[in-house]
4 protein chains.
Amino acid sequence: MLKKTPHRESSRLSREQRAADILKHARIVFCEKGYSDTLVSEIAERAGVVEGSVFHYFPTKRELLIKAVEQWYTGLIWDYDHRLESITGTWNRLRFMIWGHLNVIHEEPEMTKLIVEEIRPGPEYRNTAIYELSRNYTRRTLGIIEEAVAAGEFRPDVPTAVVRAMIYGGVEHYAFGFLHGTGDFSADEAADTITDLVYRGLANEGVAQAHMLSEPLTQIEAGLARLKKLTAPKKPASK
Amino acid sequence: MLKKTPHRESSRLSREQRAADILKHARIVFCEKGYSDTLVSEIAERAGVVEGSVFHYFPTKRELLIKAVEQWYTGLIWDYDHRLESITGTWNRLRFMIWGHLNVIHEEPEMTKLIVEEIRPGPEYRNTAIYELSRNYTRRTLGIIEEAVAAGEFRPDVPTAVVRAMIYGGVEHYAFGFLHGTGDFSADEAADTITDLVYRGLANEGVAQAHMLSEPLTQIEAGLARLKKLTAPKKPASK
Amino acid sequence: MLKKTPHRESSRLSREQRAADILKHARIVFCEKGYSDTLVSEIAERAGVVEGSVFHYFPTKRELLIKAVEQWYTGLIWDYDHRLESITGTWNRLRFMIWGHLNVIHEEPEMTKLIVEEIRPGPEYRNTAIYELSRNYTRRTLGIIEEAVAAGEFRPDVPTAVVRAMIYGGVEHYAFGFLHGTGDFSADEAADTITDLVYRGLANEGVAQAHMLSEPLTQIEAGLARLKKLTAPKKPASK
Amino acid sequence: MLKKTPHRESSRLSREQRAADILKHARIVFCEKGYSDTLVSEIAERAGVVEGSVFHYFPTKRELLIKAVEQWYTGLIWDYDHRLESITGTWNRLRFMIWGHLNVIHEEPEMTKLIVEEIRPGPEYRNTAIYELSRNYTRRTLGIIEEAVAAGEFRPDVPTAVVRAMIYGGVEHYAFGFLHGTGDFSADEAADTITDLVYRGLANEGVAQAHMLSEPLTQIEAGLARLKKLTAPKKPASK
DNA sequence: AATGAATGAGCCTTCATTCAT
DNA sequence: AATGAATGAAGGCTCATTCAT
């Protein structure tokens, strides 16, 4: 109750800590209310600072949104990217990419909506780290396909850009109802179905039979890998 | 208390004509500026009526948007639906559906953006004629696939909902860059590629043998699937 | 289904009937919604005419309100005024006036609110038939008091204007909570209490005892009169 | 997107000072024009701030009205309440309460109208500080009466709620004409008359004998009351 | 007499952003 | 670095009333 305390009692934080704090609360509020229903004043309030302070760290509300999502997305991509490394086999790797996307949508629908409906359509999307990260990440999918083509597992004339569009577009379209509060879906089941469809659509008929035989085996492999994960130490590196 | 001088010079139109007129101009302005940058006053001005008159016919700006898009969309669907009738053969019919979607995006990118970015994410989408029309229309695609399945042309276990998602989601994802001012695409070429991919993914050839060969493994698969169920529910990737 | 029917099928009514019809519906809507929440368009709709027609009969919405209330009020006053005639004795007549006011409030709270909160505070109140009717009616109360003064039953120096204010103001104040949805009251009990209080306040102490003795007797008289009403033919004259 | 140039020349005030300032000017304008003829923009202008600033402090125009009146009313009640303390004697204290009410109406008719015609009928009245203050204040009047009853100065069976209604309702009804620009009144004379009337109505003198004399009749009275109950409930006068 | 399309003035309200302190 | 009072441009929406037909 010392009257001399300058400004409030807000514990002195370093510039980075304060910014991160604001970012964290911004993300929460944006998720709860959506971009345009979010008031900067509410973010400020929850972060324990005044409105003006938010603008010290972030020039505009929009920038705040982008940075908040970027921060989250960076950790996410890093995580998934890392987990991909330990997976082998075209089918399994493809499935992981597809499952990952489905799973993020399922676990973090609000963040997904923010990206899909706010960030992406925005004019500045292409200058965003989200765009860059997302490009790099989906390129993994292309890489998997290209390797399969090189190995003769997939047809040599696969139109990779279209395939990528069908995978990611298909996943998002499939999950649209869930994102808008209608129904639910299983990421695992959907991942299996989609992977299968894609795999069949791309498979080289010349070697199709052999690979189709190996398909079930790779699934067993994948299942065992997941089981192994459960017995190993929990989440070794999360963000 | 306030005296009004109605009528000015604007010709007296019937309710329907006036409403249609306003709708037409609304569509133009919404396309040019997007929903939130559109002023009702500008729509009124272009339609040659005062702002109040717009609200005489449409209770809110949002309703005006929906009705304007609905009017356009109804004509569009009618047109495409009609053209489908004269096309025969699974591949051709499938291609027409895919090409149609690509073509609309290509020819009317602003209307597409309005639907994809404004109408669809809106809370009232499901009560919209657009939703209904669009459902009926995409059901044609399912119909084509189901008929091909019945005829033995496609595999019997095709997951139609996923296929539809991949077709329409794929198309929209593919055209995303174009919609946002980056690059262009050929509706015809893309239609060919996508149709091909889908057709191959669903076609029946060579599947029989593979299935017979893989049969002994299905029991192991089933067991693994049960294990997967047990490991999956625990949010593996939620930050 | 004859296409030639001019205008709608609205049965041709005489000017008076049409006006009365509009008035009736106006009263209903005004009661349901209050003055400012009532739309002229709704009155028109319920009366089966178009908006413009309402303004053929009544120059403004306000005038419509006043006329609607006047019509109702005229019948009401006529009714009560008529019933007063058959009542004798200062206490009984006073009680009837008080009970009447309480009873109207209790039976027609919406109309009461309209008069108290919309009509009376309005600038044109004094030019209203409601004002005139109401003045004439409350003058009955003054008459009763003056007669009692002349008869020596009440003190000679009774300030009649103040008494009237206390009676009517008191009744309205007492019923205020009920009018606004809080609680209820019994018109009969309140009438007894208020009449008693007024009577005592005005009674001539010189003859107080005698009259106080006769009080209970006049109540008996009144009660018998009411019982008689029940056995007689129902509502002989109700506008 | 829009650049603003804040501050102009208006001196920077503390939140409380600015709010109080706006409140003061709001009260003035509301009194001059009445609630609905008051423009928020005018209040802002007089207070030397922009319209938006008013809404920075008060969420709605209505809230502004309520707060403005509350501020005034609080001071008023405090003042009168304080002055009551130094007055002794039932008659004197009663008269002060009555005179006070009359006096406020006479000195601040606009504020009175605001309360009586805008605040009280409003749906939020019961959650208002005005309601609370007013309740507490009029309870003083009840206190005076109850003390007089306890002291044997007033009859033991005084119906306090009805008396309060008659006092306050009577005062307001009496002053109605003045409030609406017709005539004037003397707070002092009216206070005397009303106090006298009330006092006589409640005083104990001569009552004892009358009651003793009338005792045998009370049983008949009670019986009749029961009969009355049976006849009353049937809407006797509802048109 | 009846219609009903058209009016139009202006209200209340929003909220990201600024900058003197 | 942090504050927080002040901005201000505009925007959607209302609805009684008019008058050519």
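Residues numbered from 1 in each chain as written. Chains lettered and ligands numbered in written order. Predicted model: local features only at pLDDT ≥ 70, side-chain atom pairs only at ≥ 80, totals over all residues. Heavy atoms only, no water.

Re the overall build of chain A
Counting its regular elements, chain A contains 10 helices and zero strands. Order of helices (α) and strands (β) in chain A, N terminus to C terminus: α-α-α-α-α-α-α-α-α-α. When burial is assessed residue by residue, chain A has 49% of its 239 residues classed as buried. Carbon and sulfur atoms make up 55% of the accessible area of chain A, which amounts to about 12000 Å² in all. (Helix = DSSP H or I, 4+ residues; strand = E, 2+ residues; numbered from the N terminus. Buried < 20%, exposed > 50% of the residue type's maximum accessible area, 1.4 Å probe, protein only. Areas by Shrake-Rupley, 256 points an atom, 1.4 Å probe, with all protein chains shown as cover.)

Topic: the confidence of the model for chain A
Residues and elements named next belong to chain A. In the predicted model, chain A carries a mean pLDDT of 85, and the fraction of residues at 70 or more is 80%. For the stretch residues 1–10, pLDDT sits under 50, and the model shows four contacts to residues farther than four places along the chain or on other chains. The low-confidence segment residues 234–239, where pLDDT is below 50, has seven contacts with residues more than four positions distant or belonging to other chains. (pLDDT = per-residue confidence, 0-100. Contact = heavy atoms within 4.5 Å.)

Details of the side chain of T90 of chain C
Note on placement: T90 of chain C falls in helix 5 (residues 90–107). T90 of chain C sits in the buried class, given a relative accessible area of 14%.

Re the environment of G48 of chain A
Turning to its location among the elements, G48 of chain A is positioned in the loop between helix 2 (40–47) and helix 3 (51–57). Along the primary structure G48 of chain A and H25 of chain A are separated by 23 residues, whereas in three dimensions their C-alpha atoms are 9.7 Å apart.

Here's the deal with the packing of aromatic side chains
In the structure shown here, the tally under the stated rule is 39 aromatic pairs over all chains. Considering the side-chain rings of Y80 of chain A and W99 of chain A, the 6.3 Å spacing of their centres and the 45° angle between planes classify their relative orientation as tilted. With a gap of 19 residues between them, Y80 of chain A in helix 4 (residues 61–84) and W99 of chain A in helix 5 (residues 90–107) connect regions that are remote in the sequence. Looking at W99 of chain A, the relative accessible area reads 7%, which means it is buried. Where F154 of chain B meets Y199 of chain B, the ring centres are 5.2 Å apart and the plane angle is 70°; that geometry is what we call edge-to-face. (Phe/Tyr/Trp six-rings, centres within 6.5 Å; stacked < 30°, edge-to-face > 60°.)

With respect to the pattern of salt bridges
By the definition in use, this model includes 56 salt bridges over all chains. As a salt-bridge pair, D157 of chain B and R155 of chain B come within 3.3 Å of each other at their nearest N and O atoms. Since its relative accessible area comes to 43%, D157 of chain B is described here as partly exposed. With a relative accessible area of 3%, R155 of chain B lands in the buried category. Three or more residues are tied together by salt bridges with common partners; here these are E32, K33, E42 and R46 of chain A. (Salt bridge = Lys/Arg side-chain N within 4 Å of Asp/Glu carboxyl O.)

Section: the packing of helix 9 (residues 187–202) of chain A against helix 8 (residues 160–174) of chain B
For any two helices packed against each other, one specifies the crossing angle of their axes together with the interaxial distance. Between helix 9 of chain A and helix 8 of chain B, whose axes approach to 10 Å, the crossing angle comes to 65°. Crossing geometry of helix 9 of chain A relative to helix 8 of chain B is assigned as right-handed. In contact with T193, I194, L197 and V198 of chain A of helix 9 of chain A, helix 8 of chain B contributes V162, V163 and M166 of chain B. (Axes fitted to C-alpha atoms, helices over the stretch in contact; angles between N-to-C directions. Left-handed = near helix turned anticlockwise from the far one by under 90°.)

Thoughts on helix 7 (residues 129–150) of chain C
All names here are of chain C. Between its terminal C-alpha atoms helix 7 stretches 31 Å, which fits the 32 Å expected from 22 residues at 1.5 Å a residue. On its buried face, helix 7 is in contact with helix 4 (61–84), helix 5, helix 6 (109–119), helix 8 (160–179) and helix 9 (187–202). Positioned one or two residues after helix 7, G152 has a phi angle of 80°, which is positive. (Expected span 1.5 Å × (residues − 1).)

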